[in-house]
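# Observations on the model geometry
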Amino acid sequence: MKQTISVLVENRAGVLNRITGLFSRRAFNIESLAVGVTDDPTVSRITIIVDSGNSVVEQVEKQLNKLIEVIKVRTLEENTFIGRELMILKVNANNKTRQDIMTICEIMGAKVDDISPTSMTMELSATPEQLDTFQAMMRPFSILEVVRTGVIAVQKGGGKI
Amino acid sequence: MNGAQALIESLLQEQVDHIFGYAGATICPVADALKEHPEIAYTLVRTEQNAGHMASGYARISGKVGVCMVTSGPGATNLITGIATAYMDSIPMVAITGQVPSHLLGRDIFQEVDITGAVAPFSKHSYLVKDANDIPRVVKEAFHIASTGRPGPVLIDIPIDVQEQKLKGEFSYPEQVNIRGYKPSVKGNELQIKRVAEAIARAKQPLICAGGGVWLAHARDELLELAEGCSIPVVKTMMGLGLVPTDHPLNMGMVGAHGNHCANQALAKADLLIMVGTRAADRAMVDPVDIQRRMATIHIDVDPAEIGKNMQAAIPLVGDVKVILRQLLDRDIPVTDSATWLERLKDYRKAELSRQFPRREGYVFPGTALRRLGQRLEEDAVVCVDVGQNQIFACKYLPQKSGRLLTSGGLGTMGYALPAAVGAQIAAPHRQTVVVCGDGSFQMAMNELSAVRAEGLEIKIVLFRNHTLGLVHQIQSRSPYHGPFGVALDGSPDFETIASAYGIPSITVSDEDKLDGALDSFLGEKGSCLLICEVHPDVGTND
């Protein structure tokens, strides 16, 4: 089961290294990981997606808490948070296919960032599942490059960690 | 004042009185500053790993943080095993390493290694100091982190230019530590305490399993008070040995794969298991799933991550073991009706204590030697035990009084005993200090006889010589393997000559009839002494 862990850490060199090192040595598998500074410049938020059972996630949470530079850890419960991921996708495009690609972009709400006689580049911010759908729809046109940021998430409502 | 002087000043603030180390180019400014402070003694080891083990032995006996200090590159990498050994046994330690100049970091220059990166998996925390003005805060934090919560080793890596850097203004040492991500729990949750008390009151066949965490929390008295007050028998893990004296009526010995039969029988038949300061690792709890199915379980530990890691206890209780036991004792737990249970266990114990050891002409059986050694030791003796068959024999059969048994229980590092004994005796010069080792483990650390000699220590070394790496020999002699390989200690030196080269007398015994006399003269010797017991190579730990 995919689970989303939100971690607040000291914004310092080497912290990310400790976090990823912990995952590898405890044999926890990271599905995705996104880092960015918060409103407080001394604190970064890391959003980690793991695909594991509850007991593993509980142990991940406890091990993360043991790191001195980790300030807070919270596993976000399903349906209680907004999770989004950004994708930039470059696809082969010519006069014959361009219109079909545009139609899919409109349906999915993707924005075209760049165009050339042989290609188109789009961005889409959505849930990982929607990104998967978009990517699958683009595959027949021959995808040149895909880059995804990994999910970032916040809790719904007024709650915060 | 420069960074190196600020470091020494900070160590003085932490009441450091001994450093175990090895010199090198990138730590020279600190050596220079240390020279001015004879109140901090310094022991030069012969290989850096042993600086870690000496600091460990020192920490375990003094109750203070052990300090070791080495140079960059190979000095730092040699220390790694010492740090990992301390980490696995949760020993409070601060390791200081010199580093190449900070503007050259990352260029792979002479004796450069990323030591903070290398020790990340097995250190509690580490610092790479980039500004000398941070040194007082870093040292304060390092000692706080190393000694609180679940103790462990903390590394401070200081580039040589930072050691030489002048501090801005006067030296001032912070009074308090404030690390927002580090607030270890101390008090146990009252509701959980109540549940624990109720579970104890309900149990008919309760059993305490005490681990190294009880020693680390200085909670031996509270443990005994709980066991005696509620009539609960106690088994110990290897790290918990010595918490309950061997002749105590509630003592059931060491539990686990290499443990005492009576301890394992008690564990097999208990209806409530109270784990205190133990991680329930594989050697102690061979089948945790089976245990949690068969009986009620309580797990008391300072580290929340231990709860549910190896065993899912029914009642977890997180906090300082000493504080929690005191909270429990303050509740007046009703004495359980465990008389039948205790009666039954008494028979198991009697069988274990009267166990007959095998005899072989021309050899000494380790169990026999250790039993007779233990009877002769002083009340508060410190026995440092190495790794291999000698460890299992000593942990199973050496009678415990109110002293300590120090061994590398977690990492199982051969060569731990002798340097740990050096550290232990420096911490407590008047306590009888004994080493138990094999001819394999002794050869991993015998270069530290120099420290024994230089410091004028009195360490009694019992060496079981069987000319093989006995425990591996034993494993390889059983299915699925096809016999010993690569374990014969060919080419070993004459240990009597080695000892005498360091000015240490030795006694060799190969006849059990002469064992008592040999032990008496060995322990009666003024100064250090080596006792070599000839052991047959086919002796196994289950014999």
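Residues numbered from 1 in each chain as written. Chains lettered and ligands numbered in written order. Predicted model: local features only at pLDDT ≥ 70, side-chain atom pairs only at ≥ 80, totals over all residues.

## Some thoughts on the nonpolar core
In a soluble, globular protein the nonpolar side chains are often hidden away together inside. Counting residues in each nonpolar core, the largest one holds 173 residues, and the members touching the most others are V94(B), V435(B) and L531(B). Counting 14 residues, the second largest nonpolar core, distinct from the first, contains V7(A), V50(A), L64(A) and V70(A). (Core = buried A, V, L, I, M, F, W, Y, C linked by C-beta atoms within 7 Å. Buried ≥ 20, exposed ≤ 12 C-beta atoms within 10 Å, placed from the backbone.)

## Brief notes about the sheet that holds strand β1 (residues 2-10) of chain A
Residue and element names in this part refer to chain A. Here 4 strands make up an open sheet; going across it, the order is β2-β3-β1-β4 and the pairing antiparallel. The open sheet has two free edges, formed respectively by β2 (30-37) and β4 (70-76), since each of these has just one partner strand. Averaged over all adjacent pairs, the angle separating strand axes in this sheet is 15 degrees, with direction ignored. One ladder, built from 9 bridges, connects β1 with strand β3 (residues 43-51); its direction is antiparallel. When the bridges of β3 are listed, K2 appears paired with D51. This element, helix α2 (residues 54-66), spans β1, β3 and β4 of the sheet and lies at about 165 degrees to β4. (Pairing = 2+ DSSP bridges. Helix = DSSP H or I, 4+ residues; strand = E, 2+ residues; numbered from the N terminus. Axes fitted to C-alpha atoms, helices over the stretch in contact; angles between N-to-C directions. Contact = placed C-beta atoms within 7 Å.)

## Here's the deal with unusual backbone geometry
Residue and element names in this part refer to chain B. Between S479 and the following residue, P480, the backbone shows a cis peptide bond with an omega angle of 5 degrees. Positionally, P480 belongs in the loop between α20 (470-476) and α21 (495-501). Unlike most non-glycine residues, S231 shows phi in positive territory, near 50 degrees. Structurally, the position occupied by S231 is in the loop between α10 (220-230) and β8 (234-236). Using a count of 16 C-beta atoms within 10 Å as the deciding quantity, one classes S231 as partly exposed.

## What about the packing of helix α1 (residues 3-13) of chain B against helix α6 (residues 135-147) of chain B?
All names here are of chain B. Axis separation between α1 and α6 bottoms out at 9 Å; the angle between their running directions is 35 degrees. Every pair of crossing elements has a handedness; the one defined by α1 and α6 is right-handed. Contacts between α1 and α6 pair G3, A6, L7, S10 and L11 from the former with I135, P136 and V139 from the latter. Of the residues contributing to the contact of α1 with α6, the split by class is 6 nonpolar, 2 polar and no charged. (Left-handed = near helix turned anticlockwise from the far one by under 90°. Nonpolar A, V, L, I, M, F, W, Y, C, P; charged D, E, K, R; others polar.)

## A closer look at the domain arrangement of chain A
Residue and element names in this part refer to chain A. Each assigned domain of chain A is listed with its residue range as follows: domain 1 (2-78) and domain 2 (82-153). On a C-alpha basis, the centres of domain 1 and domain 2 stand 29 Å from each other. Contacts between the two partners involve 8 residues from domain 1, matched on the other side by 6 residues from domain 2. Every element with two or more residues in the side of domain 1 that touches domain 2 is listed here: β1, β2 and β3. Ranked by the residues each element gives to the side of domain 1 that touches domain 2, the list is headed by β2, at 3 residues. Residue composition of the side of domain 1 that touches domain 2, grouped by class: 4 nonpolar, 4 polar and no charged. (Domains from an automatic or database assignment.)

## Focus on the domain arrangement of chain B
Residues and elements named next belong to chain B. Per the domain assignment, the segments of chain B are domain 1 (3-164), domain 2 (190-352) and domain 3 (366-534). Distance from the C-alpha centre of domain 1 to the C-alpha centre of domain 3: 29 Å. The partner domain 3 presents 25 residues to the 22 residues of domain 1 that form the contact. Those elements giving two or more residues to the side of domain 1 that touches domain 3 turn out to be β1 (18-21), α3 (48-62) and α4 (74-88).

## Re helix α1 (residues 15-25) of chain A
All names here are of chain A. Every buried residue belonging to α1 is among V15, R18 and I19, and all of these are buried. Down the axis of α1, the buried side of the element spans an arc of 100 degrees, and every buried residue falls inside it. Those residues of α1 that are exposed and angled more than 90 degrees off the buried face are N17, S24 and R25. Residues of α1 that are buried make contact with β1 and β3. (Arc of directions from axis to C-beta.)

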